[in-house]
Amino acid sequence: MRKRPTAIFVLGALLALVSACGQAKAGTALPKGDDAADYVGAKFEQVIGKLGDAITDTRDVTNSLDAYFKFDDKWIHSTVTSARTGSPESRAVRHRSQKNPDEIIDTYTPADGAVEYTYLGPVYVQKGVSPTAWVSMPKPEGGLVLPCAWGGVLTPCRMADSAVQAYEADKRAVRGAKSLGDGKTALTVNVPFEIFVKNKVEILPPSITGQVGPELKKAAVPATITLNPDGSLVSFAMEAKFAGDGHQVELKYEFRFTGKASLQDMPKLPDAGQITVLPDRAAMDEFYRRLGEAQGS
């Protein structure tokens, strides 16, 4: 998987904005439209080269993502909660479908040992993806070298990529900055739906992407970043409802840090006899092939 430096930079850049934006009086509006583009753009230029560790330095935290996407009458809704703690680090990700409660995929990467684990919900066991709910496989050799490849932050990294690309393509994409009544700061950037699709914020099948025409491509998806007074991230959201090319689209994605993580956030493994072992890349590839078929059926 390719590196995502812009995704790492953007969250740090947005966090740093509060050092200037947060000085506004509570409840006041900061510059909008073209003025906001100049105001926020200047801050981007000042800090973007120094913030490569913005995501990787956020440790011992729990995160949540609520993701909803609807195209005409087809829709998906899922929640992802994750935790990372310790040094070396243990990581857990829990993916739940809000459409079918039996569609569960959890991953657990303990700090120790050479293997990581996946837990499959009843849907996937019944479809023959694995004979047991728990599966073990070798840890990725790269570890956290590519932090955005980790499921706990994969979607927000793609959201961040999208916001950066929208800003780089048109500085006027920054549509508003606002100091909230509780001291928080909110910044809004319009992301064209074409960029949302290209960056796979939601991985859509060809049956849908093939129907995305010129009207839908240019539709604006507002991305709102909310910051605490101290500059820490409260939430990162994308939400829109629009029509074009004869189709209706509705989407809502919200990522937030939810607290401090501990080892109690890591799952308890079953007995070894209840875990299917995938010893090598060939076995892993076959597992993911079956999983993909099950998800697509």
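Summary of the structure given here.

**Regarding the overall build of the protein chain**
When its secondary structure is counted, the protein chain shows 9 helices and 13 strands. Here the protein chain holds 297 residues, and the buried ones make up 45% of them. Taking all contacts inside the protein chain whose residues are at least 6 apart in sequence as the whole, residues at least 24 apart take part in 61%. Of the roughly 14,700 Å² that the protein chain leaves accessible, carbon and sulfur atoms contribute 52%.

**Observations concerning unusual backbone geometry**
Cis geometry marks the peptide bond from serine 87 to proline 88, where omega comes out at 0°. With respect to the helices and strands, the residue proline 88 is situated in the loop between strand E3 (74-85) and strand E4 (90-97). With a phi close to 55°, lysine 200 is a non-glycine residue in the positive phi region. For lysine 200, a relative accessible area of 45% translates into the label partly exposed.

**Some details on the packing of aromatic side chains**
In total, this model carries 10 aromatic pairs according to the counting rule given. For the pair tyrosine 119 and tryptophan 134, a centre-to-centre distance of 5.4 Å together with 55° between the ring planes defines the contact as tilted. With tyrosine 119 in strand E6 (residues 115-120) and tryptophan 134 in strand E7 (residues 134-138), this residue pair connects regions lying 15 residues apart in the sequence. Seen from their ring centres, phenylalanine 255 and phenylalanine 257 are 5.4 Å apart, and the 75° between their planes marks the pair as edge-to-face. We classify phenylalanine 255 as buried; its relative accessible area is 2%. The class of phenylalanine 257 is partly exposed, set by a relative accessible area of 30%. Through a chain of ring-to-ring contacts, three or more aromatic side chains come together here, namely Phe69, Phe193, Phe196, Phe242 and Tyr253. Above the ring of tryptophan 75, the side-chain terminus of lysine 99 is found at 4.6 Å from the ring centroid.

**Things to note about the pairing of E3**
Note that strand E2 (residues 61-71) and E3 share 11 bridges and pair antiparallel. Bridging across to E3, phenylalanine 71 finds its partner in lysine 74. Looking at chain direction, E3 and E4 are connected through 8 bridges and run antiparallel. Of the residues in E4, the one forming a bridge with valine 80 is histidine 95.

**With respect to helix H5 (residues 154-169)**
If you check H5, its first and last C-alpha atoms are 23 Å apart, about what 16 residues at 1.5 Å a residue would give, namely 22 Å. Across the 16 residues of H5, 13 count as buried, placing the element largely inside the fold.

**Describing the pattern of salt bridges**
Considering all chains together, one arrives at 10 salt bridges under this definition. When the shortest N-O distance is used, the salt bridge between arginine 84 and glutamate 89 registers 3.0 Å. Judged by its relative accessible area of 2%, arginine 84 falls in the buried class. Classification of glutamate 89 as buried rests on a relative accessible area of 8%.

**Side note on the nonpolar core**
Of all hydrophobic cores here, the largest spans 44 residues; its most connected members are Phe69, Phe193, Phe196, Phe242 and Leu251. Put simply, the parts of the chain that give this core at least two residues each are E2, H5, strand E8 (174-179), strand E9 (185-192), helix H6 (193-198), strand E10 (220-227), strand E11 (233-244) and strand E12 (247-260). Considering each element in turn, this core owes the most residues, 6 residues, to H5. Other than its neighbours up to four places away in sequence, phenylalanine 242 contacts Phe193, Leu216, Ala219, Ala220, Val221, His247, Gln248, Val249 and Leu251. Ile105, Met137, Met284 and Ala294 belong to the second-largest nonpolar core, a separate cluster that totals 12 residues.

**Structural notes on the side chain of histidine 247**
Within the secondary structure, histidine 247 is located in strand E12. A distance of 3.2 Å separates polar atoms of two side chains, one belonging to histidine 247 and the other to glutamine 211. Beyond its immediate stretch of four places on either side in the chain, histidine 247 contacts Phe71, Asp72, Gln211, Leu216 and Phe242.

**Focus on the environment of alanine 261**
Tracing the sequence through the fold places alanine 261 in the loop between E12 and strand E13 (275-277). For alanine 261, a relative accessible area of 5% puts it in the buried group. Residues contacting alanine 261, with those up to four places away along its chain left out, are Asp60, Val61, Thr62, Ala83, Arg84 and Thr85.

**Considerations on helix H9 (residues 281-296)**
With 16 residues, H9 should cover 22 Å at 1.5 Å per step; its first-to-last C-alpha distance of 22 Å lies within 8% of that length. Of the residues making up H9, those classed as buried are Met284, Phe287, Leu291 and Ala294. Along H9, the residues classed as buried sweep out an arc of 85° about the axis, all on the same side. Across from the buried face of H9, at angles greater than 90 degrees, the exposed residues are Ala282, Glu293 and Gly296. The inward-facing, buried residues of H9 abut strand E5 (104-109), E6, helix H4 (122-126) and E7.

Parameters at a glance
- Residues numbered from 1 in each chain as written.
- Predicted model: local features only at pLDDT ≥ 70, side-chain atom pairs only at ≥ 80, totals over all residues.
- Heavy atoms only, no water.
- Helix = DSSP H or I, 4+ residues; strand = E, 2+ residues; numbered from the N terminus.
- Buried < 20%, exposed > 50% of the residue type's maximum accessible area, 1.4 Å probe, protein only.
- Contact = heavy atoms within 4.5 Å.
- Areas by Shrake-Rupley, 256 points an atom, 1.4 Å probe, with all protein chains shown as cover.
- Phe/Tyr/Trp six-rings, centres within 6.5 Å; stacked < 30°, edge-to-face > 60°.
- Lys NZ or Arg CZ within 6 Å of the ring centre and 35° of its normal.
- Pairing = 2+ DSSP bridges.
- Expected span 1.5 Å × (residues − 1).
- Salt bridge = Lys/Arg side-chain N within 4 Å of Asp/Glu carboxyl O.
- Core = buried A, V, L, I, M, F, W, Y, C linked by side-chain atoms within 4.5 Å.
- Polar contact = N/O pair within 3.5 Å; in protein donor to acceptor, adjacent residues only side chain to side chain.
- Arc of directions from axis to C-beta.

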